[in-house]
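# Architecture and fold: a report
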Amino acid sequence: MTDAPAHGFDTLQIHAGARPDPATGARQTPIYQTTAYVFRDADHAAALFNLQEVGFIYSRLTNPTVAVLQERIATLEGGVGAVCCSSGHAAQIMALFPLMMPGNNVVVSTRLYGGTVTQFTHTIKRFGWNAKFVDFDDLDAVKAACDDQTRAVFCEAIANPGGYITDLDAISAIADEAGVPLIVDNTSATPYLCRPIEHGATLVVHSTTKYLTGNGTVTGGCVVDSGKFDWSASDKFPSLSAPEPAYHGLKFHETFGALAFTFHGIAIGLRDLGMTMTPQAAHYTLMGTETLSLRMDRHVENAMKIAEWLENDPRIDYVTYAGLKSSPYNKRVEKICPRGAGGLFTFAVKGGYEACVKLVNSLEIFSHVANLGDTRSLIIHSASTTHRQLTEEQQIAAGAAPEVVRVSIGTENADDLIADLDQALAKATA
Ligand SMILES: *Cc1c(COP(=O)(O)O)cnc(C)c1O
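Residues numbered from 1 in each chain as written. Predicted model: local features only at pLDDT ≥ 70, side-chain atom pairs only at ≥ 80, totals over all residues. Heavy atoms only, no water.

### As for the pairing of strand S4 (residues 150-156)
A regular strand carries its side chains on alternate faces of the sheet. For clarity, the threshold we go by: Note on exposure labels: buried denotes an accessible area under 20% of the residue type's maximum, exposed denotes more than 50%, and partly exposed covers the range between, all computed with a 1.4 Å probe on protein chains only. Runs of E in the DSSP output that reach at least two residues are strands. Runs of H or I that reach at least four are helices, and both are numbered from the N terminus. By the convention used here, strands pair only if DSSP detects at least 2 bridges between them.
Burial within S4 is extensive, with seven of its seven residues counted as buried. Two elements, strand S2 (residues 105-109) and S4, share four bridges in a ladder whose sense is parallel. Residue pairing across strands places Val107 opposite Val153, the latter belonging to S4. As paired strands, S4 and strand S7 (residues 182-185) are joined by four bridges and run parallel to one another. Bridging from a neighbouring strand, Glu156 pairs with Asp185 of S7.

### Regarding the site of the ligand
As a reminder, the rule being used: In this text, near means that some heavy atom of the residue lies within 4 Å of the molecule or strand in question. N or O atoms within 3.5 Å of each other form a polar contact, as long as, within protein, one can give a hydrogen and the other can take it, and as long as residues adjacent in sequence are counted only when both atoms are side-chain atoms. Only the protein chains shown count as cover for residues, and the accessible areas themselves come from Shrake-Rupley with a 1.4 Å probe. Just so you know the grouping, Ala, Val, Leu, Ile, Met, Phe, Trp, Tyr, Cys and Pro go in nonpolar, Asp, Glu, Lys and Arg go in charged, and all remaining residues, Gly too, go in polar.
The local shell around the ligand holds 15 residues, among which Gly88, Asp185, Ser207, Thr209 and Lys210 are the closest. A distance of 3.5 Å separates an oxygen atom of the ligand from a polar atom in the side chain of Ser87. The contact in question runs from an oxygen atom of the ligand to an N or O atom on the backbone of His89, over 2.9 Å. Protein chains shield 92% of the accessible area of the ligand, which is 380 Å² for the free molecule. Looking at which element gives the most residues to the shell around the ligand, the answer is helix H4 (residues 88-96), with three residues. Partitioned by chemical class, the residues of the shell around the ligand number two nonpolar, ten polar and three charged.

### What to know about the environment of Asp374
Threshold: Here, residues are in contact when the closest pair of their heavy atoms is within 4.5 Å.
Tracing the backbone through its elements, the reader meets Asp374 in the loop between strand S12 (367-368) and strand S13 (378-380). When the C-alpha atoms of Asp374 and Ile396 are compared, they prove to be 25 Å apart, with 22 residues separating the residues in sequence. Not counting residues up to four positions away in its chain, the partners in contact with Asp374 are Gly214, Asn215, Gly216, His299, Ser408 and Gly410. Engagement of the side chain of Asp374 in a polar contact is seen with the side chain of Thr375, the distance being 3.2 Å. Polar side-chain contacts of Asp374 include one of 3.2 Å to the backbone nitrogen of Arg376.

### Side note on the sheet that holds strand S11 (residues 344-349)
In plain terms, the rule: Axis lines are fitted through C-alpha atoms, for helices just across the contact stretch, and the angle between N-to-C directions can take any value from 0 to 180 degrees.
If you walk across this open sheet you meet the five strands as S10-S11-S14-S13-S12, and the pairing is mixed. Sheet topology places strand S10 (316-319) and S12 at the edges, where each strand pairs with a single neighbour. Along the sheet, helix H13 (residues 292-311) contacts S10 and S11; its crossing angle with S11, the most-contacted strand, is approximately 15°.

### Notes on the layout of surface pockets
We apply this condition: Buried and open spaces are told apart on a 1 Å grid over the protein atoms alone, a cavity being a set of points where a 1.4 Å probe fits but cannot get out and a pocket being an open set with protein on both sides within 12 Å along at least five of seven lines. Residues with an atom within 4 Å of a point are the lining residues. Grid points are joined across faces, edges and corners, and a volume is the space filled by probe spheres set on the points.
In this structure, the largest pocket occupies an estimated 940 Å³ of space. Together, 35 residues line the largest pocket, and Val54, Gly55, Phe56, Thr62 and Ala67 are the ones closest to its centre. For the lining of the largest pocket, the leading source of residues is helix H3 (residues 64-77), giving six residues. Its residues placed into classes, the lining of the largest pocket shows 23 nonpolar, seven polar and five charged.

### Looking at the domain arrangement of the protein
Spelled out, the test is: Per the annotation, domain bounds derive from an automatic or database assignment of domains. Buried area is understood as the total, over both parts, of accessible area removed when two parts are fitted together, assessed with a 1.4 Å probe. For salt bridges, the criterion is a side-chain nitrogen of Lys or Arg within 4 Å of an Asp or Glu carboxyl oxygen.
The assigned domain composition of the protein is domain 1 (7-288) and domain 2 (292-428). For domain 1 versus domain 2, the separation of C-alpha centres amounts to 29 Å. Facing the 40 residues of domain 1 at the interface are 41 residues of domain 2. A combined buried area of about 3,400 Å² lies between domain 1 and domain 2, and 57% of that area is made up of carbon and sulfur atoms. On inspection of domain 1 and its partner domain 2, the count reaches three salt bridges. Counting the contacts that link domain 1 with domain 2 gives twelve residue pairs in polar contact (both at pLDDT 80 or more). Of all the secondary-structure elements, those providing two or more residues to the side of domain 1 that touches domain 2 are helix H1 (9-15), helix H5 (114-121), strand S6 (164-165), helix H7 (168-178) and helix H8 (190-193).

### Considerations on the sheet that holds strand S1 (residues 81-85)
Strands sit in the order S1-S9-S8-S7-S4-S2-S3 across an open sheet of seven strands; the sheet is mixed. Because the sheet does not close on itself, it has two edges, and the strands there are S1 and strand S3 (130-134). Strand-to-strand twist across the sheet, computed as the mean angle between neighbouring axes with direction ignored, equals 20°. As paired strands, S1 and strand S9 (residues 221-225) are joined by five bridges and run antiparallel to one another.

### What about the pattern of salt bridges?
Within this structure, the stated rule accounts for 15 salt bridges. A salt bridge links Arg332 to Asp137, with the shortest nitrogen-to-oxygen separation between them at 3.0 Å. Of this pair, Arg332 sits in helix H14 (residues 330-336) while Asp137 sits in the loop between S3 and helix H6 (139-145); the two residues are 195 residues apart in sequence, bridging distant segments of the chain. What makes Asp137 partly exposed here is its relative accessible area of 30%.

Structure below.
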């Protein structure tokens, strides 16, 4: 099937990128479990290595199973190309790598996945990069943070874990004005609920570990390029606009046009950083994408029922689900993620830190794990786990205060989940 944009999401999530295997006719995409590919002859090999012909050389760079997933996610996001890699955190480095040089900075939202806050606060400094954390509801502060060393603006569409929705249109306008790309982590929303490129994002990153795979089996990541950014409009992005010494002075933007970022991600990023997705991981994630819309509809329906039930329970202080009328971000749902605010939210238990610990210990259907976006319902006390490396101030800014637990509502029967929460809250607040 061709990936004609006329097809609906439910069709594309099954068919985009996939075609019957040319050798066997296999209908399902085979797992191409191979590291290398035989060249037709020496000229073919030379053309591949010079990037004059697109094909398969070595699975650190490209693999046919991974290539199907790349095309599928790019199509679902409305981008021109995508690069898959070994995890969501790898995807974030792969997104920044072509843009940043030592001394450059990225302007980032304070409301981010805890691991991303740590990666941006500490680890990227080793590359000479710097992250400037800003409250993305304060548009003047975002504008003011962009300086002549800024090379990107970064946020999450639906921010993990606090039930926060970013005004992507307003933020992308600021990035445009600063002449830098907006990178949106769309992990919590998925392209079914939110399409950041339609709101002005240049790049979309994913932890495919979560909803795209959907069953908690493999880690993976992806960077999708909108193909819309003019990398040659300034001298800010020499990796994409200036001659590349490792490819005989080839200029990626001039040579590959809208696919410059994608080609760079494979030919330089994966080649030299080696954060490669395995064909097995791509297979599990391809299986997951086939049912994405069905699962997301159920995640949203269940999350809404459970958030409403919790909000009316006297043992609960507050619930942060953006789908609730009481949420300050409810007004952004219609604009940013009209099919619903996702399956992830936090709630505060009366009784604080101790009650939260008892709650997670007493649940039977919910699993206490550091993951999200599974068909299974998951819970975590962020302050004592994923967000434990952060200061209390950072925890509160990220929506992970000590009295708060985060739930990732699964696709089970909602009444069963409510009964489980009810019995565990009785123990936690006894
Ligand atoms: C999990 C997650 C990441 C990191 O992804 P990994 O696959 O665990 O490396 C990044 N951003 C968000 C929003 C996440 O939920």
